[in-house]
Amino acid sequence: RNSNRLYYLTNHINRFIFAALHKATSKTSSWSAAICSFNTFQRSTLSTMAQTSDDCEETGLFSPDPKVQGMTTLDHSAFNKIIQVPVIKVKKEVIHIVMKNLKHRLMKRPNLKRVLDDPNDEDHKKIVLDPYMVTSQDAFDERDHQFFRKFQINPQIFQADLQVTYDILKTDEILKAVLPKGQDVTTSFSRIGHIAHMNLRDHQLPYKNLIGQVILDKNPSITSVVNKINIIDSTYRNFQMEVLAGEENMITKVKENSFTYEFDFSKVYWNSRLGTEHDRITGLLKSGDLVFDVFAGVGPFAIPAAKKNCIVYANDL
């Protein structure tokens, strides 16, 4: 517990120092590398084994070009840029072994090509390492060096150009770069089958279609993104919505507690967060119980109760 407290205290101090240095000078690359390296050392020493230091990503290595700010029509090519990343050279025949043994040191990004060709050496490949973990050979521990010696690998760190594209950026990175500074970035949504349901705020509405397209692109199982445009109807408990991106098919299937429901989301009230409550109430019932479900909707209480051999009277407007 004390180790964790020390880690978080150290992390906050580092962030304060970096912010001050960044304000004082534009040449922050060496400082940021040192701070990232120190954070990595702290994580390793204190055995927190958390994710790679996300705080260091504030240095902007993957941050899109500022020119994308204010964009309302998504332009994928505007997010392209070249960055330098640490790589290690290995022979082609041991590439898979190295990837397996250094997986905790590799760059972890969706759709990222982590093995690069070396145009000057056909016998070797370049493996892309995590720039927030590996800033020099000192980042490798004794286990790594034993592995290097066994396979006669030179642990020297080189720098290589890497093409950053829209595909390897995270949802929050894209939206944070597009929306005006200081405004909330919405990346969360409720999932109803193939539909992503968002509740955008007023200041996000000028970017609604772009936000919808990003959510669609970054979640392959989602084929439609919708936004609620008014309060829930007091009579039928549904709401008007607009499609921000994707298909306009509102007929969806939802699996909850081993039951599958099919309905038109534009005409039916459904709240995915009620799954636990549906299961809890059903768990209180016994076979033969008499159940009156007077606001049944599509039956998330009534159908599981009937499955338990209860006598169910279900009604809805």
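All values derive from a computational prediction rather than experimental measurement.

Cut-off values and rules
Residues numbered from 1 in each chain as written. Predicted model: local features only at pLDDT ≥ 70, side-chain atom pairs only at ≥ 80, totals over all residues. Heavy atoms only, no water. Helix = DSSP H or I, 4+ residues; strand = E, 2+ residues; numbered from the N terminus. Contact = heavy atoms within 4.5 Å. Pairing = 2+ DSSP bridges. Axes fitted to C-alpha atoms, helices over the stretch in contact; angles between N-to-C directions. Salt bridge = Lys/Arg side-chain N within 4 Å of Asp/Glu carboxyl O. Buried < 20%, exposed > 50% of the residue type's maximum accessible area, 1.4 Å probe, protein only. Polar contact = N/O pair within 3.5 Å; in protein donor to acceptor, adjacent residues only side chain to side chain. Core = buried A, V, L, I, M, F, W, Y, C linked by side-chain atoms within 4.5 Å.

## Some points on the overall build of the chain
- Looking only at helices and strands, the chain has eight helices and twelve strands in total.
- Contacts spanning at least 24 positions in sequence make up 58% of the contacts within the chain whose residues lie at least 6 apart.

## Re the sheet that holds strand S1 (residues 81-91)
- Strand order in the open sheet formed by four strands is S2-S3-S1-S4, and the pairing between neighbours is antiparallel. Two strands in the sheet have a free side with no partner beyond their single neighbour: strand S2 (115-117) and strand S4 (158-164). Adjacent strand axes in the sheet meet at a mean angle of 45° when their direction is disregarded.
- Sheet topology places S1 next to S4; seven bridges connect them, and they run antiparallel. The residue bridging Val87 from the neighbouring strand is Phe158, located in S4.

## Digging into the pattern of salt bridges
- For the structure on display, the rule yields nine salt bridges.
- Arg149 serves as the salt-bridge partner of Glu142, at 2.8 Å between the closest nitrogen and oxygen.
- Residue class for Glu142 comes out partly exposed when judged on its relative accessible area of 47%.
- Assessed through its relative accessible area of 54%, Arg149 is described here as exposed.
- Put simply, Glu242 and Lys208 hold a salt bridge, and the shortest N to O gap is 3.2 Å. In this pair, Glu242 is assigned in strand S8 (residues 241-246) and Lys208 in helix H6 (residues 208-218), connecting sequence segments 34 residues apart.
- A residue is classified by how much of its surface remains accessible, and Glu242, at 22% relative accessible area, is partly exposed.

## Description of the side chain of Arg109
- Relative to the helices and strands, Arg109 is located in the loop between helix H3 (95-101) and S2.
- With a relative accessible area of 9%, Arg109 lands in the buried category.
- At a separation of 2.8 Å, a polar atom in the side chain of Arg109 contacts the side chain of Glu173.

## Re the sheet that holds strand S6 (residues 195-198)
- If you trace the four strands from one edge of the open sheet to the other, you get S5-S6-S7-S8, paired in mixed fashion. With partners counted over all chains shown, the strands left at the sheet margins are strand S5 (190-192) and S8, one partner each. Geometrically, the sheet is characterised by an average inter-axis angle of 30° between neighbouring strands, direction not taken into account.
- In the packing of H6 onto the sheet, the strands contacted are S6, strand S7 (224-228) and S8, and the crossing angle to S8 comes to about 55°.

## A look at the nonpolar core
- Counting 38 residues, the largest nonpolar core has Met71, Phe79, Val178 and Val225 as the members making the most contacts within it.
- At the level of secondary structure, the elements contributing two or more residues to this core comprise S1, S4, helix H5 (171-178), S6, H6 and S8.
- Ranked by residues supplied to this core, first place goes to H6 with five residues.
- Not counting the four nearest positions on each side in its chain, Phe79 is found in contact with Pro64, Val68, Met71, Leu74, Val164, Thr165, Tyr166, Leu169, Ile174 and Val178.
- Among the nonpolar cores identified, the runner-up in size contains 17 residues, and Ile95, Met99, Met133 and Ile153 belong to it.

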